[in-house]
Amino acid sequence: MLRLRANAVTKFKSHIFGGEQRAAAVAANASARKYSTESPVPESADVVIIGGGSAGCNTLYQLAKRGVRAVLLEKSKLTAGTTWHTAGLVWRLRPNDVEIRLLAATRDLLMSLEEETGHNSGWINNGGLFISHSPERLDEYSRLATLGKCFGIESHIIGPEQAQKLFPALDPSSFTGALYSPGDGVVDPAMMCTALTKGATANGGRMIEDCTVSQIITGENLLGMKDVRGVVTNKGTIRTNTVVNATGVWGRDLIEPLGVFLPLIPMKHAYVVSETMDTIHQMLPNVRDHDFSLYFRIQGKSICMGGYENNPILLNRVPGDFHFGLYDLDYSVFDTHIQGAVKLCPAFGTAGIKSTICGPESFTPDHKPLMGPDPTVSGLFHSVGYNSAGMMLGGGCAEQLAQWIIHDRPERHMFAYDVRRFTPKQKKALNWATERSHEAYTKNYSIVFPHDEPLAGRNFTVDPFHKQMIQYGAVMEERHGWERPGYFLPDETVVVQPYDWYGYYDHPKNANTHYEEALKGDYTFGFSEHHDLIGEEALTCRHDAALFNLSYFCKLFLTGSQAKEAAEWIFTANLDKPINKTIYTCALNKQGGVEGDVTVSIVESGLGGLHDPIFKGRGYYIVAGGASAYHTKCHILAAIQEKAFRAVVSDHTEELGVLSLQGPKSREILQKITDFDLSNDKLLPMNSTTILTLKINPHYSCNVRVLRVSFVGELGYELHIPEESCNDVYNALMKAGYKESLRNAGYRALYSLSSEKGYHLWGSDLRSDDTPIEANLGFVCRKEGEYQGKDIVDRQRENGVARRLAFFTLREQVPIWGLEAVYRDGEIMGNLRRGEYGYTLQKPIGQAYVQRTDGGPITNQFLQTGHYQIEVMGKLYDADCHLRSPFDPKGERMLGIYK
């Protein structure tokens, strides 16, 4: 967290509490301030921002607005690098509620800057059209329109003739429909950055051009972690504890000497500007044709046209002095966009090309920015990798980054942008990052189906059971760099092939397309082709037993002389429990938001195995979801660093495999390969752990750690197995369960089962912007002692909350995936965070945070009354609201009580 100096704190408070006096002071001194300077750099600053593009200027503005003594250093002139040549499109709708809020924040800022600063921000509200060529694309647009309603965003699904009325040059016979968003627009990058820096300097910020940073100075704190001490420039050294890396395509260059790596890949990105066209004027809407992978941006009486091709020109590095440079356009690459543009707008084909813009842009493996604190250097923050969307995301992201720097956390759930979503192994793997960034670029305009998987960068990290999963017909998914089974095809073997770059760059296309064909079965907003197969896996778990491979789950041991104090501060639940007790708990941020939900097992020193390590005193075995494993680990380490606890975190994620045996017959199956009396609940009660000896064959046994827990609401056991024993244990279980109808099950069934039981999934219905009270998790928050975020929990427990998580079932067989609008008595109360199908309930199920339109507290009575409906693809369906899942509400099945 930023260590604000006294004068900055005073200014911050005056900004909040003394608006009129502050405004008068700003007005009185405005003429004496400059928003660009050639003067020497200051001796010190609260924050130094490196890079004067959209990210840097927005960050300077947001920090200065909050009273932070910030200085922006630009090695050339404002907007140099990528910002100056950007198209400047600003859309409002995205298939993600957080991104919609970020876009809204940017738009609101652009519309208010001129009144605040007296300088035109370059914003033009000319609207936007999304063009559709298929029913599936129109379904996607319907989902966007539905989600937009939850945030007051006007949009309309229209026909080709209506679209032509809005943009007369379009050929209505070339497409089937469109989505019209009248609030979209464009922005001039130079005007925006000038307005931002003017606003920043009026609040005490500084912007220094022609100032090259040659080094970030670091030291080492008391716990041995690197921390920022200052920066060295050609104009002098600045002392600071906080640096923001906003250097765009140069985002890797300055930090790699510190041992910091980012998965940031520069590419050439282009658009062309037509000659003037009689039918074109500035207030025509921008056009985005996702199926043709191109866009139109209106510039006076010309069309700027660009897009995302399958064979972009990849760059290794961009020269440091390429400030306002451009490349020659390679028409052999760009021609595909011209062909599509002429089909959509025939007049474009006869207008001629006035100019071409081909410059460097930075792209990332998932087409999302890289933001937030670096986990390896305290005080270093990133704001790079905007994937050509820096103008539309810049204001919203900078607002969140400013809160991150000042308050230690952003207001929004920024995990999709957080640099910690990538592991150190991923960030160092340039080949992996290049493959994934290429595919993310080429698929940028592809339909965002509920289920899809990348083809690039696969088999990056595989668990010990990987070959066995493939042999049993697993269709693999990729999360966090790991391969995991999504579902299993009987009597088939589906192998993910090496990336073929879509047949470009002299790579032959893969002859084996079985995996791609399996993925196509999910390319729908209806029920998947694999729906019934996944249901068979889920119902086998409910009726017999299923085996889940959870090996990519995060597995940590917390030990040391102050491990107890660290655990009690980090986790919300009461951990003062006997040895071998397993507790479900949350880890919160300072705002009370849930940074992770985990199980913590109280353990004692063992015999030295990976699952049973030797240590002094009491230890804690922490297991968390795999998709956010590194984020969870970083949160725990950051809390230990901040409090200077004498505690150690040992990561055994890659060294331990995990098999979760779940279902009514799980005990019977496991009992066949152990002499441990599993029927004795005193030896291994629910929510406990022990070391178990498994008999692989008459001559060989091995030890594993077993946790009696369930993520699906059944009697079950998690086996945490040393890597060398994994294959033997898997084979022994499958053999033991053959007569009991044991089958493999994947994550698609797992998530259906967990949702049906009403369990949370972090990142979906439980996020860093949700508190335990809002998420109905108050029972995991102890009332005694102190833990991070407890003041927020206590306050909400006493005063109530304005929104709460509720569980919904639909009365009709309509698939839901999340993002659907939730109505109560005709009013929108929120949107589904998560949608699944409950195979036991035989109903679509979903979770949403219900929020009253009058801002009043959400009570049980409020939730249980009213007429609920869910909007799916523009149609309303009746739904039932539940305080908790109607499936096994007493939790008897996990205790082995089956009726």
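Residues numbered from 1 in each chain as written. Predicted model: local features only at pLDDT ≥ 70, side-chain atom pairs only at ≥ 80, totals over all residues. Heavy atoms only, no water.

Novice: Describe the UniProt feature "domain: Aminomethyltransferase C-terminal" (unreviewed entry) in the protein, with residues and values.
Specialist: In the numbering used here, UniProt assigns the "domain: Aminomethyltransferase C-terminal" (unreviewed entry) feature to residues 803-887. Helix and strand shares over residues 803-887 are 6% and 54% respectively, and the end C-alpha atoms of the span are 23 Å apart. (UniProt positions renumbered as here; feature names shortened; annotations may be inferred. Helix = DSSP H or I, 4+ residues; strand = E, 2+ residues; numbered from the N terminus.)

Novice: Help me get a handle on the sheet that holds strand β37 (residues 827-838), residues and values and all.
Specialist: Overall, antiparallel pairing links the six strands, which are arranged β35-β38-β37-β36-β39-β40 in a closed barrel. Recorded for the sheet is a direction-independent mean angle of 40° between the axes of neighbouring strands. Where strand β35 (residues 803-810) meets strand β38 (residues 843-851), seven bridges bridge the pair, whose relative direction is antiparallel. The partner of T809 across the bridge, within β38, is I845. (Pairing = 2+ DSSP bridges. Axes fitted to C-alpha atoms, helices over the stretch in contact; angles between N-to-C directions.)

Novice: I'd like a rundown of helix α5 (residues 135-149), residues and numbers included.
Specialist: Each α-helix turn comprises 3.6 residues. Residues three or four places apart therefore point the same way. The terminal C-alpha atoms of α5 lie 21 Å apart, and with 15 residues this matches the ideal 21 Å at 1.5 Å per residue to within 8%. Inspection of α5 places R137, E140, Y141, S142, R143, L144, A145, T146, L147 and G148 among the buried residues, and these make up the whole buried set. (Expected span 1.5 Å × (residues − 1). Buried < 20%, exposed > 50% of the residue type's maximum accessible area, 1.4 Å probe, protein only.)

Novice: Now, about the UniProt feature "domain: GCVT N-terminal" (unreviewed entry) in the protein: what can you tell me, with residues and values included?
Specialist: Residues annotated by UniProt as "domain: GCVT N-terminal" (unreviewed entry) correspond here to residues 465-783. In residues 465-783, helix accounts for 24% and strand for 26%; the two terminal C-alpha atoms are 42 Å from one another.

Novice: Outline the packing of helix α3 (residues 54-65) against helix α7 (residues 189-202), supporting the account with residue identities and numerical values.
Specialist: Running from amino to carboxyl end, α3 crosses α7 at an angle of 25°, the nearest separation of the two axes being 8 Å. It follows from the interaxial angle that α3 and α7 lie roughly parallel. By crossing handedness, the relation of α3 to α7 is classed as left-handed. Where α3 abuts α7, its residues S54, C57, N58, L60, Y61 and A64 lie against M192, C193, L196, T197, G199 and A200. Of the residues contributing to the contact of α3 with α7, the split by class is eight nonpolar, four polar and no charged. (Parallel < 35°, antiparallel > 145°, perpendicular 65-115°, else oblique. Left-handed = near helix turned anticlockwise from the far one by under 90°. Contact = heavy atoms within 4.5 Å. Nonpolar A, V, L, I, M, F, W, Y, C, P; charged D, E, K, R; others polar.)

Novice: Run through the pairing of strand β39 (residues 868-872), naming residues and quoting values.
Specialist: Burial within β39 is extensive, with five of its five residues counted as buried. Residue alternation in β39 divides its side chains into two sets, Y868, I870 and V872 and Q869 and E871, and both sets are buried. Pairing geometry for strand β36 (residues 821-824) and β39, over four bridges, is antiparallel. Residue pairing in the sheet places Y823 in a bridge with Q869 of β39. When β39 meets strand β40 (residues 875-882), the two strands line up antiparallel, connected through five bridges. Each bridged residue has a counterpart across the sheet, and for Q869 the counterpart in β40 is D878.

Novice: Residues and numbers for the domain arrangement of the protein, please.
Specialist: As far as domains go, the protein holds domain 1 (41-83 + 190-262 + 367-417), domain 2 (425-524) and domain 3 (554-652 + 771-793). Of the residues lining the interface, eight residues belong to domain 1; the matching set on domain 3 comes to 13 residues. Interface area, domain 1 with domain 3, both sides summed: about 810 Å², of which 56% is carbon and sulfur. Counting the surface domain 1 buries against domain 3, the share from its top three residues, L223, R409 and F415, is 60%. Joining domain 1 to domain 3, the criterion identifies two salt bridges. A salt bridge links K590 to D408, with the nearest nitrogen and oxygen atoms 2.9 Å apart. At the junction of domain 1 and domain 3, the tally comes to three residue pairs in polar contact (both at pLDDT 80 or more). (Domains from an automatic or database assignment. Buried area = accessible area lost by both parts, 1.4 Å probe. Salt bridge = Lys/Arg side-chain N within 4 Å of Asp/Glu carboxyl O. Polar contact = N/O pair within 3.5 Å; in protein donor to acceptor, adjacent residues only side chain to side chain.)

Novice: Mind laying out the sheet that holds strand β26 (residues 582-588), listing which residues take part and the relevant values?
Specialist: With respect to topology, five strands assemble into an open sheet ordered β26-β27-β28-β25-β29, the strand pairing being antiparallel. Each edge of the open sheet carries a strand with a single partner, namely β26 and β29 (648-651). Adjacent strand axes in the sheet meet at a mean angle of 30°, parallel and antiparallel pairs treated alike. Summarising the sheet, strand β25 (residues 554-559) and β29 pair through four bridges and their orientation is antiparallel.

Novice: Hey, could you go over the packing of aromatic side chains for me, with residue numbers and the actual values?
Specialist: Tallying each qualifying case throughout the model produces 27 aromatic pairs. Each residue in the set Y308, F363, Y441 and Y445 is aromatic and connected to the rest through ring pairs, giving one cluster. (Phe/Tyr/Trp six-rings, centres within 6.5 Å; stacked < 30°, edge-to-face > 60°.)

Novice: Quick rundown of the environment of M469? Include the residues and the values.
Specialist: The residue M469 is located in helix α13 (residues 466-471) in this model. A relative accessible area of 2% places M469 in the buried class. Taking the C-alpha atoms as reference points, M469 and T336, separated by 133 residues in sequence, lie 40 Å from one another. Excluding anything up to four places from it in sequence, M469 contacts A474, M476, P485, F488, N549, Y730 and N744.

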